[in-house]
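Residue-level structural notes
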Amino acid sequence: MPVHNGDIAARFEEIADLLEIEGANAFRVRAYRNAARMLRDLPQSAASMLEDGKDLSDLPGIGEDLAGKIAEIVKTGSLSQLDALEKEVPAGLTEVVAIPGIGPKRAHALHETLDVTSLADLEQAARSGRIREVPGFGRKTEQNILHALETRGSGKTRTRLREAEEVAEALVEWLREVDGVHRATIAGSYRRRRETVGDIDILATCARDSPVVDRFVAYEDVRDIVSQGRTRSTVILKNGLQVDLRVVARVAYGAALHYFTGSKAHNIRVRRMGQDRQLKINEYGVFRGKKRVAGRTEEEVYEQVGLPWIDPVLREDRGEIEAAQKHKLPELIRLDDIRGNLHSHTKASDGTRTLAQMAAAAKARGWSYLAISDHSKAVTVANGLDAERLAEQIDAIDALNEELDGITLLKSCEVDILADGSLDLPDDILARLDLTVCAVHSHMDLSRDKQTERVLKAMDHPCFNIMAHPTGRLIGTREPYPLDIERVIEHARDTGCILELNAQPDRLDLDDGHCKMARDSGVRLSIGTDAHAEAHLDFMRYGVDQARRGWVEAADVVNTLELDKLRKALAR
DNA sequence: GCCGTTTTCGGCCCGACTGTTTTCAGTCG
C-alpha cells in the first residue's frame, strides 16, 4: 500500500499538536505544520520521489531531519518519534485541542490539574463544574466549552465554493446597504477561488460611526455570535458556515485586502520581504517606522516589496513570489478566452434538454461550438447510447448543423473506459465522431496499478481524445480513485491525449495542482462543463477559476481555439 | 525544525477579541 502525501502530512500535524501540548518551541511546531501543508500541496507523491532517488530536503520547509522522517514513514508505514510522543501525551488531547477556545496551553493545564485525556473527560469535568476552578479558567470558559461540545461537528467541514457563494454574496450585498459602508468585499480563500472554503472573510471599509458590525451580527441567517468587537466580528450562520467581518479605514483597504485574502503562507513571505526592507506590513498598511508608505491598494503593497501585483488565485506560496520576482507570472486564462465546450449531455442519455436547446444555450454564451457527449451504453443508469442510437444522434447533429447559425455542434460521446481498458463502443462508430470524451464510471476500486494500466491502455486507442474527470473525485463526498496521475500525465503528453478539467463545482477534476503539473509537462487541457442542462454551461467559470489556480494560460486549453484550429488540435 | 547577497547561529508575521486578570495570557485567523 503506497504512502500518500496526505498520510505523511496527517502524521506531521499530529506531531505538531502533541509537541504543542508538551510546550515545545513554537517554531519547531510550525516547522511540522509548514511541512504538512507543503506535502498536501505537493502534486507529486513524496514516496515516488524517494523511489526516483530525489533528495526530499530540496523541498521547501524540509531539512535533513524531516526528509529522514518522511523516508521512515514511506519505508515502514510508521514513525518512531510519533509513537514515542503518543506514550508521553495522551492522543485524546489532540481532540481536546480541536475544541474552539481550547489551545495547547489550556489542554495541558486541564490534563495536569484534572487529568483530562479525552473529549469524554472534558465534558464530564465541565458538567461537574470543575473546570471553572482551574486557574486561568472561569465560569464563562466552562460554558463555552460545553457549548462547543454540543455544537461540535456542525460546520467544521469545508464548504464547496458554489454553496459558499450563495450565502456569501447575499450577505455581502446586505452589508453594502448599511449606512456609512463604502465597500464590502469577500476576501480569504473565497477570493483565491479555492474549491472549498473553511469560512467566509468579509472586509468592509466604512465611515467611523457606521453600525456595520451591529448590523452584521443581526443578519437573519446568523445562528451564533462568536465574537463582536469594534473592528472585527465572527458569527456562525444557520448552515454552519463561519463568517468573519473585518472593518478597516479606507486608506488601509489595499493592505487589509491583501492581508485577509491570504494565503497565510503567501502573506508571511511578503511580510518577510518587507522586513528585509525595514518595512512593517500589516492589515493597516505598509509602514516605515511610524510612517505609512502604502496601503490604499494591493498594487501599492506589492510595489513596496518590489513585486508586481499577484493574482489572488496564485497566492499559495507555490512559486508565485519567485515567478513575480523574475517577471515570469503566467498570463492566466480568462472566461472570455473560452470559445466552446467539449463535454455536454442531452435527453438522449441523462441530460434534460434537446440538441437544439443546448445549441442555443451555448450560442447565447458567446461560444462557437458545443460537443454533444452523451454517455455510452455501459452506463445503463444514465440510459447510455449504443452504436445504433449514437449513429442516429450523429445523423441528427449533421442535419441540425445545416440549420444552425453561429454555433456548431460537435459529434462526440462520453465513452466508458471498461475495466480492461477497452472502449465501450466499436471503432467504426467512434471513427465517425469529431472527438471522444472518455471516462471511468465503474470499477473504481481497482488497485492503483490496475486502474492506471486501464487508463493508459484506453489512451492508446487511436480514437481517444479527452480523458474526462480523470480522478473521479466528488469534492467532500468521494475520494479520487487510486490512480498514478503522474503516469497518466506523462502518457497524455506522449500520445497527444487531452486531460479534462471538469468544471462541475463538485468535481473540479483535475484539481489545481494537477492542472499545473499537466501544464508544466506540456499536456493540453479541456475545460468541460459536463452540462446536463442549459444552466450548467455556466459552470465554465468554476473550471476557469480552478485552471487559473493551476497557472493555466489560454494556450494550454484546447477549447480556447477557434473551431478550425480545434479540429486540427484534435488530430492525434 | 528550517533557513541563510546580514549562513552554520539566531532569528522565525502580526494584531483583535475574550475572559480572566487588574495588566495580560491564550486563542484565533
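Just above sits the structure.
1. Remarks on unusual backbone geometry
Of the consecutive residues G262 and S263, the connecting peptide bond is found in the cis state with omega at -5°. Within the secondary structure layout, S263 lies in the loop between α13 (253-261) and α14 (264-276). Unusually for a residue other than glycine, R193 sits at a positive phi of about 60°. Relative to the assigned elements, R193 resides in the loop between α11 (188-191) and β3 (196-197). Located in the positive-phi region is N383, a residue other than glycine, with phi close to 60°. Structurally, the position occupied by N383 is in the loop between β12 (369-372) and α18 (387-403).

2. Description of the packing of aromatic side chains
Each aromatic ring pair is specified by the distance between its two centres and by the angle formed by the two planes. A full pass over the atoms with the stated rule returns 4 aromatic pairs. The lysine or arginine in question, R541, covers the ring of Y542, its NZ or CZ lying 4.5 Å from the ring centre.

3. Quick look at the protein's contact with DNA strand B
Not every one of the 50 residues close to DNA strand B is listed here, only the nearest: R30, G101, G138, Q228 and R271. Backbone sugar and phosphate groups make up 76% of those atoms of DNA strand B lying within 4 Å of the protein. One of the backbone nitrogen or oxygen atoms of R232 is found 2.9 Å away from a phosphate oxygen of DNA strand B. Looking at the surface near DNA strand B, the elements that each hand over two or more residues are α2 (26-41), α4 (64-76), α7 (104-114), α9 (139-150), β5 (222-228), β7 (242-248), α14 and β8 (280-282).

4. Comments concerning the pattern of salt bridges
In total, this model carries 39 salt bridges according to the counting rule given. With its nearest N and O atoms 3.9 Å apart, the salt bridge here joins R448 to D484. Within this pair, whereas R448 is found in helix α20 (residues 448-460), its partner D484 is found in the loop between β16 (466-467) and α21 (485-495), the two being separated by 36 residues in sequence. By relative accessible area, which is 23% here, R448 ends up partly exposed. Shared partners join several salt bridges into a network, and the residues in it are R192, E316, R318, D512 and R549.

5. Quick look at the environment of L433
Tracing the backbone through its elements, the reader meets L433 in the loop between α19 (427-430) and β15 (437-439). Classification of L433 by relative accessible area gives buried; the value is 10%. In this structure the C-alpha to C-alpha distance between L433 and A391, which are 42 residues apart in sequence, comes to 9.5 Å. Residues in contact with L433, not counting those within four places in the same chain, are L390, I394, K411, S412 and C413.

6. As for the pairing of strand β17 (residues 498-502)
Most of β17 is tucked away, with 5 of its 5 residues classed as buried. Of the two faces of β17, the one lined by I498, E500 and N502 and the one lined by L499 and L501 are each fully buried. Across 2 bridges, the pairing between β16 and β17 is parallel. When the bridges of β17 are listed, I466 appears paired with I498. Assessed by its sense of winding, the connection that carries the chain from β16 through α21 to β17 is right-handed. As judged from the 4 bridges shared by β17 and strand β18 (residues 525-528), these two strands associate in the parallel manner. Following the sheet pairing, L501 is matched in β18 by I527. At this point the chain moves from β17, through helix α22 (residues 512-520), to the parallel β18, and the crossover so formed is right-handed.

Rules used in this analysis
Throughout this description, residue numbers start from 1 for each chain and increase along the sequence as written. Chains carry letters and ligands carry numbers; both start at the beginning, A for chains and 1 for ligands, and go up in the order they are written. Local features in a predicted model are, by the rule used here, given only for residues with pLDDT of at least 70; side-chain atom pairs are given and counted only at 80 or more, and totals for whole chains, interfaces and linings are based on all residues. Side-chain metrics in this entry use all non-hydrogen atoms of the structure; hydrogen atoms and water are not considered. Helix and strand labels come from DSSP, where a helix needs a run of H or I of at least four residues and a strand needs a run of E of at least two; each type is numbered from the N terminus. Two aromatic rings, drawn from Phe, Tyr or Trp (for Trp, its six-membered ring), form a pair once their centres lie within 6.5 Å of each other, and the interplanar angle then sorts them: stacked below 30 degrees, edge-to-face above 60, tilted otherwise. Think of it as a cone above the ring: NZ of Lys or CZ of Arg counts as a charge over the ring if it is within 6 Å of the ring centre and within 35 degrees of the ring normal. For this description, a residue counts as near a given molecule or strand if any of its non-hydrogen atoms is within 4 Å of it. Polar contact criterion, stated in full: a pair of N or O atoms within 3.5 Å, where within protein one must be able to donate a hydrogen and the other to accept it, and residues adjacent in sequence count only if both atoms are side-chain atoms. Think of a salt bridge as a Lys or Arg side-chain nitrogen and an Asp or Glu carboxyl oxygen that are within 4 Å of each other. Residue exposure (1.4 Å probe, protein chains only): buried if accessible area is under 20% of the type maximum, exposed if over 50%, otherwise partly exposed. Throughout, a residue-residue contact means that at least one pair of heavy atoms, one from each residue, lies within 4.5 Å. A pair of strands is labelled paired if DSSP reports no fewer than 2 bridges between them. When the strands point away from the viewer and the path from the first strand over the helix to the second turns clockwise, the crossover is right-handed.

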